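Inside the fold
Single-letter residue listing:
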Amino acid sequence: MYPHNNPSFREIEEQFAKDQGLPFQDALPEEEIRAVMQEQNIEYRKRTLTPIITLWAFLSQVLGQYSCKTATNNIVAFFASIGEFILLSDGAYCKGRKRLKEGFLSSLTHKVSNGLQEDLTEEQLWKGRRVKTIDGSSFIMTDTPENQEVYPQWRQKEGCGFPIARFAVMFCLCTGMVLEFY
């Protein structure tokens, strides 16, 4: 199904984990992110920690299973690699991460995924078809009145326990990219 010269997910994951700085700047170019930001009418103040740098750090953090401290250090290393010295707190990075809007992340996911789908070759398809797979899971939410209202508690007495969010994700089997999420 895949040509033998394509790296495995584990090899890609290990490479990203070894990279200092923000390795997603090559995998997800700034122009693509800016195009989605423009579509979403996202504007931000001129600051060191832009949504683009925050996104690159966040993706590296998730893939590498890093702490916020490590993600912050990677941002500082990125700036050092381009000759700029910055001071950045973990709190500033975490606040920047919270400012990444769900709609922006969703649109960017669809744009990248659709772009990869268009580039699939016939030999990457299964009998000429794109194969999709669906998986789902759940996670416990913070116990706030807002979450209690939106997310149900499972088999518990009213007002007891934590709200549970459920989700499903549709993937492309060939690329592993998220096609839809619910």
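Our subject is the structure listed above.
Residues numbered from 1 in each chain as written. Predicted model: local features only at pLDDT ≥ 70, side-chain atom pairs only at ≥ 80, totals over all residues. Heavy atoms only, no water.

This part covers the pattern of salt bridges. The final tally for this structure, using the stated rule, is one salt bridge. Between R34 and E30 there is a salt bridge whose closest N-O contact spans 2.7 Å. Placement of both R34 and E30 in helix α3 (residues 30-39) is noted, with a separation of four residues, approximately one turn of the helix. According to the relative accessible area criterion, R34 is partly exposed, its value standing at 39%. Overall, E30 belongs to the partly exposed group, its relative accessible area being 30%. (Salt bridge = Lys/Arg side-chain N within 4 Å of Asp/Glu carboxyl O. Helix = DSSP H or I, 4+ residues; strand = E, 2+ residues; numbered from the N terminus. Buried < 20%, exposed > 50% of the residue type's maximum accessible area, 1.4 Å probe, protein only.)

Attention now goes to a positive patch on the surface. Judged by side-chain charge, R45, K95, K98, R99 and K101 come together as a positively charged surface patch. Secondary-structure assignment places K101 in the loop between α6 (90-98) and α7 (102-118). (Patch = residues over 30% accessible without salt bridge, like charges linked within 9 Å, V, L, I, M, F, W, Y side chains within 5 Å. Areas by Shrake-Rupley, 256 points an atom, 1.4 Å probe, with all protein chains shown as cover. Lys, Arg positive; Asp, Glu negative; His and termini not counted. Charge placed at Lys NZ, Arg CZ, Asp CG, Glu CD.)

On to the packing of helix α4 (residues 51-64) against helix α5 (residues 68-81), then. In contact at an axis separation of 9 Å, α4 and α5 are set at 130° when each is read in the N-to-C sense. One element, α4, and the other, α5, form an angle in the oblique class. Here α4 and α5 pass one another in a crossing that is right-handed. From α4, I53, W56, A57 and Q61 reach across to α5, where they touch C68, A71, I75, F78 and F79. Tallied by class, the residues present in the contact of α4 with α5 amount to eight nonpolar, one polar and no charged. (Axes fitted to C-alpha atoms, helices over the stretch in contact; angles between N-to-C directions. Parallel < 35°, antiparallel > 145°, perpendicular 65-115°, else oblique. Left-handed = near helix turned anticlockwise from the far one by under 90°. Contact = heavy atoms within 4.5 Å. Nonpolar A, V, L, I, M, F, W, Y, C, P; charged D, E, K, R; others polar.)

The values are spatial; any link to function lies outside them.
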